Amino acid sequence: MKEQFELFRPKEFTGSGDKHLFALINELSKLIIRLEKRYYYNTLKFDANQNFIMANLLIELAEDLHNDIGLWKSIEQYNKTLFNTPLPLFVDENTEIQECFDKNRIKFFIYNIIVEFDENVILSPQHKDLEILARGVSQFLEVKFKAVPKESGVKLFLHQKDEYGWDFKSKLVWASLGSYLFRSSCYSYAVKKNLSNMDIETVDDFICQESSVWSGLTVVDIVAKALELPEKLQQDVLSWNERLVSIYRVISFKNDIFELENIINEQIYKVQSFKEAIVFKKNHFVLGGLVPYGEYYYWSGVQRDLGKMDSKTITNLKNDFVLKSTRIVYRYDKKLLNRALESIKVHYADFKSYFNTDLVYFKDGISMAAALQNKDKQKYDALSKEDLKEVMKKHNLKNPFPNMHLSKDLLQAKNGLGVFFNPNEGTEIMMDFDDITNGFRKKGVNLTKNEKSAIQQFIFSSAISPNFVLRMIADYGEKSIASAFVINNDVNCTSFLLHKYKGHFYKNRYPEISLKID
């Protein structure tokens, strides 16, 4: 067990308080077993391995609070800005927390981390056993940490200088793989990608683009605020979720600085790199992602050397990359982005003109497909032959109107579908919409099991935007969301749930439209 604890500690950094932590984990583990005997339900009862993991995580949370490391503080600061409370669902708005090991901090931590123990559990913030567990843990920490010196190896590591981009990146990697906030979710992320081990690309994807159970914040969000980086550097690293992935031509390399040309937007980037890491030669082409940090950019993730290429190959590769990765290209090609934004406006207007609304209900997948196809057909039927040919040429269409790519599940759906046109991105389709609509109509009262489940999936779905949810709330109110998540109706919960489960929508987003370069 001690090896498991030490596995996640920063290497070569030890504080005087560290030697007390493992003993406290064992003590807390025994306390949790005693507390379980007072539980009303089985939801929060753990097996032996889970018990040790939970005790370990709670002691590391306490280490953070005791030493003011800043990770947990960062979450509470974001929460105050987003929800006007440091701990949404648990602490009233405009309320300050006075005690270091306040039971509500313990509650909020367990409420969010429990998904790593059982991904199917929906835990009520008012759960009786959560109160028993949090109160007991809070009292234990208050007594035991009085004897723990305020010096932590984690804090020593995190507060090393961040002179170069890779200095800060090393802290992000540790936070993802080793910190109590992220290590469970990072490994779960790898499992979902069917990976047996952690590679650079997977960790980098997790760091830069995965929103977490911590109010939808990313690793970068939390670590950057915890370290109180200078404003310019903080702005730089918060943009890392938009890595500039492209094909680059190597112009020159001197004094650890690459000069690269992005062949898509034809911009020049100065990239700092270790000499021993240099494998790319002048006039070679490289597929990779860049992120800014101070005066320079840095490689992010894995780079692929494409070697030298002739002009025809470059053109074909460029066009293929833009067509298949348009939403990535929008990050740095604003000319192409503006074309997409104009296009989405036209599609939005067409949708509302045809259906007289931005949210349409269909009884099944077949009727939905027929209606959407007829909408496009009607538009193109109104064009002259010359105009139609021009449109087909411009959008590279073989048929007079765009092909719809609907999955077999959508086409076979029978329990109602909701089609919403998100004016920022495009159409979103939600299945089981009969249960969702019926559930919303009940205003939180007497929801069936299917209605609760459908509303939960509506909130969980990474493909459904907060705009879609808010559109339903505009029609029916939000009480049924609280009911589906076992939250008291008098608690403001919708904004928190949307951030927690749809955090990626609160970053820069781009239209779901693929365009060709002119």
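Below: a short report on this structure. In this text the structure is predicted, and so the values were computed from the model without any measurement. (Residues numbered from 1 in each chain as written. Predicted model: local features only at pLDDT ≥ 70, side-chain atom pairs only at ≥ 80, totals over all residues. Heavy atoms only, no water.)

Points about helix α23 (residues 494-501)
Piece 1. Summarising burial for α23: six of the eight residues are buried, a large majority.
Piece 2. Those residues of α23 lying buried are T494, F496, L497, L498, H499 and K500.
Piece 3. At its buried positions, α23 is contacted by α4 (71-83), α5 (103-113), α20 (449-460), α21 (466-476) and α22 (479-484). (Buried < 20%, exposed > 50% of the residue type's maximum accessible area, 1.4 Å probe, protein only. Helix = DSSP H or I, 4+ residues; strand = E, 2+ residues; numbered from the N terminus. Contact = heavy atoms within 4.5 Å.)

Considerations on the sheet that holds strand β7 (residues 417-422)
Piece 1. With antiparallel pairing, the three strands of this open sheet are ordered in space as β6-β7-β8. Here the strands that pair on one side only, and so sit at the sheet edges, are β6 (359-362) and β8 (426-431). The mean angle between the axes of side-by-side strands here comes to 20 degrees, regardless of whether they run parallel or antiparallel.
Piece 2. The strands touched by helix α15 (residues 334-355) are β6, β7 and β8; relative to β7, the strand with the most contacts, the crossing angle is about 135 degrees. (Pairing = 2+ DSSP bridges. Axes fitted to C-alpha atoms, helices over the stretch in contact; angles between N-to-C directions.)

Brief notes about the pairing of strand β5 (residues 296-307)
Piece 1. Pairing of strand β4 (residues 285-293) with β5 involves eight bridges; the strand directions are antiparallel. The residue bridging V286 from the neighbouring strand is D305, located in β5.
Piece 2. Between β4 and β5, which pair antiparallel one after the other, the connecting turn spans two residues, and G294 there sits at a positive phi close to 70 degrees.

Comments concerning the pattern of salt bridges
Piece 1. According to the stated counting rule, one finds 25 salt bridges in the structure shown.
Piece 2. Of the charged contacts, one joins E27 and K144 as a salt bridge, the two residues approaching to 2.9 Å between their closest N and O atoms. Note that E27 is positioned in helix α2 (residues 21-36) and K144 in helix α6 (residues 128-144), a separation of 117 residues in sequence.
Piece 3. Looking at K144, the relative accessible area reads 30%, which means it is partly exposed.
Piece 4. Put simply, K103, K107, E131 and R135 are held in one network by salt bridges that share partners. (Salt bridge = Lys/Arg side-chain N within 4 Å of Asp/Glu carboxyl O.)

Concerning the state of the cysteines
Piece 1. In total, this model carries zero disulfides according to the counting rule given.
Piece 2. No disulfide involves C186; its sulfur sits 12 Å from the nearest other cysteine sulfur, which is in C208.
Piece 3. By relative accessible area, which is 0% here, C186 ends up buried. (Disulfide = S-S within 2.5 Å.)

Description of the nonpolar core
Piece 1. Of all hydrophobic cores here, the largest spans 111 residues; its most connected members are L58, W72, F109, F168 and W214.
Piece 2. Of all the elements, helix α3 (residues 48-67) adds the most residues to this core, at nine residues.
Piece 3. When near neighbours in sequence (up to four residues on either side) are disregarded, F109 contacts M54, L57, L58, L61, W72, Y180 and W214. (Core = buried A, V, L, I, M, F, W, Y, C linked by side-chain atoms within 4.5 Å.)

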